Amino acid sequence: MAEQEASGLQVLLHTLQSSSDRESILTILQLLGDLLSVGTDRRIRYMISKGGSEALLRTLVDAARTASPDYVILLPLFRLLAKVGLRDKKFGQKALELEALDVTLILARKNLCHSQNLLHCLWALRVFASSVTTAAMLGINGAMELLLKVITPYTQKHTRVIRAAAEVLAALLKSKSNSRRAVNRSYVPILIRLNQDWHSHDTANSFVLIRLALLLCLKHIAKLRSGREAFLAAQGMEILYSTIQNCLDDQSLEPVISIALQILRQCYPKSPLPLVTTSSAYSFPVPGIVTSETPRVLTEEDYEDDGEEEEDKDSDSEDVKEEDDDLETDVNKLSSKPGLDRPEEELVQYKAMCLELSCSFEELESKPGDDLNSDETEYANHRHIPTAASPKGLCLNKDRISGGQEKEVPVQNSLLSRVKMGRSSIHLTSKRGPGMNSYRNVHPNGPGIGSSGNDVSDIQASFREDAWDMDVISCPRISASFSNSTNRETAEFIDRLLQTHLKPMVFHDPYLYMAKARRTRSVADFTRMAFPDFWGHCPPLSAQPMLQRKCGVQRIKILEDVRRLIQPNDIINKVVFSLDEPWPLQDTASDCLQFFSVFESGNLRKAIQVREFEYDLLVNADVNSTQHQQWFYFKVSGMKAAVPYRFNIINCEKPNSQFNYGMQLTLYSVKEALLGRPTWVRTGYDICYYKNHYRQRTAVMGAASGKCCYTLTFAVTFPHAKDVCYLAYHYPYTYSALMTHLDILEKSVNRKQVYFRQEVLCQTLGGNSCPLVTVTAMPESNSADHLEQFRQRPYQVITARVHPGESNASWVMKGTLEFLVSSDPVARLLRENFIFKIIPMLNPDGVINGNHRCSLRGEDLNRQWLSPSAHLQPTIYHAKGLLHYLGSIGRSPMVFCDFHGHSQKKNVFLYGCSVKETLWQAEATVGTSNLLEDVSYRTLPKILDKLAPAFTMSSCSFLVEKSRASTARVVVWREMGVSRSYTMESSYCGCNQGPYQGLQFGTSELEEMGAMFCLGLLILELKSGSCSHQLLTRAAALLNAEEESLDFYLQSRGSSSSSIASELDDEPPCLEEIEYGTDSSSDQEVSFSELDQQIQECAFHKDEGEEEEEGTGQGRKAIP
Ligand SMILES: [Zn+2]
């Protein structure tokens, strides 16, 4: 049957080309038309494979070259050509070779006054032009002049033809040589005027598709610099801006507005960032740094990055970028273990960091069964110490609803009760509208503070009473000696403040913080602290939902940006804060906001007041670097009540952000803190993240090129007038906060039970100590047996915060540390069975100085693990040295995990290492069947998937990428042979699965993840073959008693039953286009079905004569 059909089709095609008999040709065309009008594309593709395109093109050329062409043959032939050509990728090339372009152009010229014939020619040209090479050839042969004769100002006649002509022109202008020709022949002002004319007359929106095609012409031309210049010279910005102003809410004009916006963004003149230099405002003399680039005067050329001079490339050529290129496929590199990276004798120094292996505990009496529950009485007087048997104890919150009576509200329950359920106290509050006060959501029982400002007067009164100087409150001096009177006054003042307002906060102490902060060494010699770090943060009672993005919000923001250029009358452009310019810039008398960032982890380089309530902000690059702008943390004061302020951070670097997908920044209000709510909350609305018109110079191989910048824009309505607030990318966690926390933890533990040792791993380049913490249980006694059990406990090594901007990693680490020393029975089991070696902050200098990614040398420390240097990357060198040492004495850790934060994905997940999965994924030719691999690397993530509410297996990956060869995860896996070597990534945003679905992370959820990770380690051990009988029995008793669901872990021990959840999709493309430099795939251009539809309609109407026109409303249809 199929063969018969094939031969039949071939006979038809053959006859079509060879026959000169009019009737037979017509009959064959009719037959082919019928054949292809039903069924699927497969028939057409089949016909193409049998030479159908060539046959039709030859027939066209023969029929057109006669003295008086026969349109009875030509019209159905054109319709077939368009239909087939759309699906033939090589059609343009075939048409060129068979000289069909010329004859079609000639026919079109002859039929300028004969719209039906012309329309058919245009369809064919439209299909020819889909190949860029052919389009360029048509341009050379004068196709564009011809089309501009057809495209007239607004009319109701021949609109089908006008639409087709405009669409052909748009297709032709995809060729850069055509665009250049169009600019040279001054088509840009003509096209602008044509569009404006159609737009203003077509009030019923009957011809949207014509307007769309005209805009697409301009969009393609605007890809050339000369095109943009012509557009600006012709007042294109002003005209286009005003044409779309009156139709922004019209749904039927959606594609028109979208393309117009793209043109406006593309033509907005590129300009350098308003910074004296892109290098960080801070520089620090460190070894091995070549002094930064010499400043050079920049020209407009430096900000051009569109490579417009390259030749037209045929868009048909598909060079899909292989994402798997980065996978390591060298089996030797994957499975061989490199030698030691340093002389073996150097490892001895790390013996001193493992005192637990040699300590004899002589102070312990050899008396097992000592009273182990004395901690509560012994430490109860210490006010930081949690008193309940919970991982984090109780956070004291006044329940204000119960008539002023204080009531202790338990925030955390025992860890096991929260497995996969999340915090029991979580209750989803209703979705907040934009602009509402975040604190109302966070403190449902708080004294109704609303954005309306109803109750603000009460609060103001209470402040007036105390006559606080807000600026002093927010920035206590931390000078070591309170010598002069101002400092003494400040100190006394702080004392008074703390005594009156501070409520006890678990694991925090402002006095201790102040002492620690004094010892912290920063590049800029900070003399002030940020109030939130000093005062402390108490997590909110409930997690906050993700922000629902308002449709069209990005469009509004972008039009506001465009308005700066064309309606500059309300633009202030006044620098109000700058690290680069002499201090102080701000006259406090003026009405504008005041900014400050010169404190630990602070990052704001410059603030420019753009309009009365709008500020452009620039963040500082990492020290000794010109890049990595993402993290921000700054103080803002002098605000008015109930006013939405718009902030734009204009020099962000990453091409996309969770800020487009529900994430909010964080805010801390000093007034709220003094009112008893010292809390970082998610805040901001109208949040979007998009590419802007600024370009940042980067020195690449000596040549300057303009790197794109992105704007993070958000609106904030502050909770109080004249407040002092802090805004940050994510919940800040400073180095001084860590040092404070470690001291408090150390004091909090029951030394009879908990072995807690804090020591210095090494000094950093900036002169700060990098702490190393050891946690395990004290031996039961100093008997030989007990000491032996103590010393034989396997190690677990956890590190965090190698990337300073990833403060979420520190909150997870905080949860891990607090849980490990807690009196939770699970924690006790963990301590009794493992020795934890923890480096909670691998990059203290970066954290202190407000970096996002790097060390003081401007390098990513998580790319230095292959061959770190003791002088240049001391923390990495010694962290690796410690791991090498453990390996050298046969005590490599069971699990190594490095905590990170992830800016593009949601949830918490692990990256691990697998040879087989990497080779499979890369489809490497090497046989993997002989390779033996222990699959236990999957066990821990599977366990966490079951336990931790925030964790998901579906985002985990176990591939070894070449670009990650020098990360902690890969190096510890390959060099130390630790098969369970991981990176744990926590989203900056929140969860899209599990009990926290739709919620943003608060610090409690992050801390809980840290505790759950520990529980995961215990269950991993229970499932392993090496687990001792004693542990198993005790764990069974504990887990069964606590939670029946946990039986699962014990019963399924050793089996690997659970299947991997199906892959969660990464973020979908944003509803509103983020980048304007898009390729044709997103254009609203003719699709298969649409041209088919046009042809169908025409064929249906063809008997109605030539002057038949599109009906009203048809223009609205068929916009994809
Ligand atoms: Zn990271």
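Asks: Residue-level account of the overall build of the protein chain, with values.
Replies: Secondary structure summary: the protein chain contains 40 helices and 19 strands in total. Burial analysis of the protein chain (1120 residues in total) assigns 58% to the buried set. Here the protein chain displays about 44,500 Å² of accessible surface, and carbon together with sulfur accounts for 52% of that area.

Asks: Tell me what's going on with the coordination of the zinc ion, and back it up with residues and numbers.
Replies: The protein atoms donating to the zinc ion are His803 (ND1), Glu806 (OE), Glu806 (OE) and His900 (ND1), with metal-donor distances spanning 2.1 to 2.3 Å. Here the zinc ion binds four donor atoms, and the angle range of 58 to 148° at the metal identifies the geometry as irregular. Between consecutive donor residues of the zinc ion, the sequence gaps follow H-x2-E-x93-H. Note that glutamate 806 is positioned in the loop between strand S15 (795-800) and helix H30 (807-820) and histidine 900 in strand S17 (residues 895-902), a separation of 94 residues in sequence. Like glutamate 806, the residue histidine 900 is buried in the burial classification.

Asks: Could you give an account of the packing of helix H4 (residues 52-64) against helix H7 (residues 100-110), naming the residues involved and the relevant values?
Replies: In contact at an axis separation of 9 Å, H4 and H7 are set at 45° when each is read in the N-to-C sense. As the angle between them shows, H4 and H7 are arranged oblique. Between H4 and H7 the crossing geometry is left-handed. Across the interface between the two elements, Leu57, Leu60, Val61 and Ala64 from H4 touch Ala100, Val103, Thr104 and Leu107 from H7. When its residues are assigned to classes, the contact of H4 with H7 shows seven nonpolar, one polar and no charged.

Asks: Describe helix H37 (residues 1003-1023), listing the residues and the values that go with them.
Replies: With 21 residues, H37 extends 30 Å between its outermost C-alpha atoms, agreeing within 8% with the 30 Å of an ideal straight helix rising 1.5 Å per residue. Judged by how many residues are buried, H37 sits mostly within the fold: 21 of 21 residues are covered.

Asks: With reference to specific residues and values, describe the packing of aromatic side chains.
Replies: Two measures describe an aromatic ring pair: the distance that separates the ring centres and the angle between the ring planes. Summed over the entire model, instances satisfying the criterion amount to 40 aromatic pairs. Note on phenylalanine 595 and phenylalanine 647: the rings are 6.4 Å apart at their centroids and 90° apart in plane angle, and the pair reads as edge-to-face. Within this pair, whereas phenylalanine 595 is found in strand S3 (residues 594-596), its partner phenylalanine 647 is found in strand S7 (residues 644-652), the two being separated by 52 residues in sequence. Phenylalanine 647 sits in the buried class, given a relative accessible area of 0%. Here the aromatic rings of phenylalanine 596 and phenylalanine 599 are separated by 6.2 Å at their centres, their planes lie at 40°, and the arrangement is tilted. One residue, arginine 342, lies across the ring of tyrosine 877, its end atom 3.9 Å from the ring centre.

Asks: An account of the side chain of glutamate 985 is needed here, citing residue identities and associated values.
Replies: Its place among the elements puts glutamate 985 in strand S19 (residues 981-987). As a buried residue without a salt bridge, glutamate 985 has its nearest oppositely charged side chain in arginine 964, at a separation of 6.1 Å. Among residues more than four places away in sequence, those in contact with glutamate 985 are His900, Gly901, His902, Asn907, Val908, Phe909 and Tyr911.

Asks: Hey, could you go over the environment of alanine 230 for me, with residue numbers and the actual values?
Replies: By the secondary structure assignment, alanine 230 is in helix H15 (residues 225-233). A relative accessible area of 18% places alanine 230 in the buried class. Along the primary structure alanine 230 and valine 188 are separated by 42 residues, whereas in three dimensions their C-alpha atoms are 6.5 Å apart. Residues in contact with alanine 230, not counting those within four places in the same chain, are Val183 and Val188.

Asks: Lay out the environment of leucine 761 in plain terms, naming residues and giving numbers.
Replies: When you line up the elements, leucine 761 lands in strand S13 (residues 754-763). Residues leucine 761 and valine 773, 12 residues apart in the sequence, show an inter-C-alpha distance of 9.0 Å. Leave out the neighbours within four places in its chain, and leucine 761 touches Met353, Cys770, Pro771, Leu772, Ile839, Thr875, His878 and Ala879.

Asks: Got a sec to walk through the sheet that holds strand S8 (residues 665-669)? Specific residues and values, please.
Replies: In space, the five strands of this open sheet follow the order S3-S6-S12-S8-S9, with antiparallel pairing throughout. The sheet is open, and its two borders are formed by S3 and strand S9 (681-683), each paired with just one other strand. Neighbouring strand axes in the sheet, compared pairwise and without regard to direction, differ in orientation by 35° on average. As defined by bridge partners, S3 adjoins strand S6 (residues 633-637) across three bridges and the pair is classed as antiparallel. Bridged to phenylalanine 595 within S6 is valine 636.

Asks: Break down the nonpolar core for me, with residues and values.
Replies: By size, the foremost hydrophobic cluster in this structure holds 151 residues, and its most contacted members are Trp535, Phe595, Phe647, Tyr726, Leu830, Phe899 and Phe1013. Not counting residues up to four positions away in its chain, the partners in contact with phenylalanine 647 are Leu593, Phe595, Tyr615, Leu617, Leu712, Thr713, Phe714, Val716, Phe718 and Leu727. Counting residues in each nonpolar core, the second largest holds 115 residues, with Ala95, Leu107, Cys121 and Ala124 among its members.

Asks: Can you explain the pattern of salt bridges? Please cite residues and give values.
Replies: By the definition in use, this model includes 37 salt bridges. Residue aspartate 860 pairs with arginine 853 through a salt bridge whose shortest N-O separation is 3.0 Å. The exposure class of aspartate 860 is buried, given its relative accessible area of 13%. Glutamate 859 is the partner of arginine 857 in a salt bridge, and the nearest nitrogen-oxygen pair spans 2.8 Å. Given a relative accessible area of 11%, arginine 857 falls into the buried group. Through salt bridges with shared partners, one network takes in Glu560, Asp561, Arg563, Arg564, Asp570, Arg611, Glu614, Asp616 and Arg646.

Asks: Describe the sheet that holds S17, and please don't skip the residues or the numbers.
Replies: Pairing in this open sheet of seven strands is mixed, and the strands run S13-S14-S16-S15-S17-S19-S18 from one edge to the other. Edge positions in the sheet fall to S13 and strand S18 (908-911), since each of these pairs with one other strand and no more. Each strand of the sheet is rotated relative to its neighbour by a mean of 20°, with strand direction disregarded. The pairing of S13 with strand S14 (residues 769-777) spans nine bridges and is antiparallel. Paired with phenylalanine 756 across the two strands is valine 775, which belongs to S14. The sheet contacts of H30 involve S14, S15, strand S16 (835-839), S17 and S19, and relative to S17 the element is tilted by about 140°. Taken strand by strand, helix H36 (residues 968-975) contacts S17, S18 and S19, and its axis lies near 165° from that of S19.

Asks: Describe helix H17 (residues 254-267), and please don't skip the residues or the numbers.
Replies: Taking 1.5 Å as the rise per residue, H17 with 14 residues should run 20 Å; its terminal C-alpha atoms sit 20 Å apart, in good agreement. Extensive coverage of H17 is indicated by the burial of 12 of its 14 residues. Of all the positions in H17, only Pro255, Val256, Ile257, Ile259, Ala260, Leu261, Gln262, Ile263, Leu264, Arg265, Gln266 and Cys267 are classed as buried.

Asks: Explain the pairing of S18 to me, and be specific about the residues and the numbers.
Replies: A two-sided burial pattern is seen for S18, the buried positions comprising Val908 and Leu910 on one face and Phe909 and Tyr911 on the other. Across four bridges, S18 lies against S19 in antiparallel orientation. The residue of S19 that forms the bridge with tyrosine 911 is threonine 983.

Asks: Please give an account of the packing of helix H2 (residues 22-37) against helix H5 (residues 71-85) that cites residues and values.
Replies: Viewed as axis vectors pointing N to C, H2 and H5 meet at an angle of 30°, and their least axial separation amounts to 10 Å. Judged by the angle between their axes, H2 and H5 are roughly parallel. Remark: the crossing between H2 and H5 carries left-handed chirality. For the pair H2 and H5, contact is made by Arg22, Ile25, Leu26, Leu29, Leu32, Gly33, Leu36 and Ser37 and by Val72, Ile73, Pro76, Leu77, Leu80, Lys83 and Val84, respectively. Taken together, the residues of the contact of H2 with H5 break down into 11 nonpolar, two polar and two charged.

Asks: Requested: an account of the pairing of S13, with residues and values cited.
Replies: Among the 10 residues of S13, seven are classified as buried, and the element is accordingly described as predominantly covered. As consecutive antiparallel partners, S13 and S14 are separated by five residues, and within that stretch glycine 767 has a phi angle of approximately 85°, a positive value.

Asks: Outline the side chain of threonine 983, listing residues and values.
Replies: Tracing the sequence through the fold places threonine 983 in strand S19. Classification of threonine 983 as buried rests on a relative accessible area of 7%. The residues touching threonine 983, leaving out its near neighbours within four places in the chain, are Cys897, Asp898, His900, Phe909, Leu910, Tyr911 and Arg969.

About the thresholds
Residues numbered from 1 in each chain as written. Predicted model: local features only at pLDDT ≥ 70, side-chain atom pairs only at ≥ 80, totals over all residues. Heavy atoms only, no water. Helix = DSSP H or I, 4+ residues; strand = E, 2+ residues; numbered from the N terminus. Buried < 20%, exposed > 50% of the residue type's maximum accessible area, 1.4 Å probe, protein only. Areas by Shrake-Rupley, 256 points an atom, 1.4 Å probe, with all protein chains shown as cover. Donors = N, O, S within 2.8 Å, 3.2 Å for Na, K, Ca; no water. Tetrahedral: all angles 85-135°; square planar, octahedral: opposite > 155°, others 65-115°. Axes fitted to C-alpha atoms, helices over the stretch in contact; angles between N-to-C directions. Parallel < 35°, antiparallel > 145°, perpendicular 65-115°, else oblique. Left-handed = near helix turned anticlockwise from the far one by under 90°. Contact = heavy atoms within 4.5 Å. Nonpolar A, V, L, I, M, F, W, Y, C, P; charged D, E, K, R; others polar. Expected span 1.5 Å × (residues − 1). Phe/Tyr/Trp six-rings, centres within 6.5 Å; stacked < 30°, edge-to-face > 60°. Lys NZ or Arg CZ within 6 Å of the ring centre and 35° of its normal. Lys, Arg positive; Asp, Glu negative; His and termini not counted. Salt bridge = Lys/Arg side-chain N within 4 Å of Asp/Glu carboxyl O. Pairing = 2+ DSSP bridges. Core = buried A, V, L, I, M, F, W, Y, C linked by side-chain atoms within 4.5 Å.

By themselves, these figures tell us nothing about what the structure is for.
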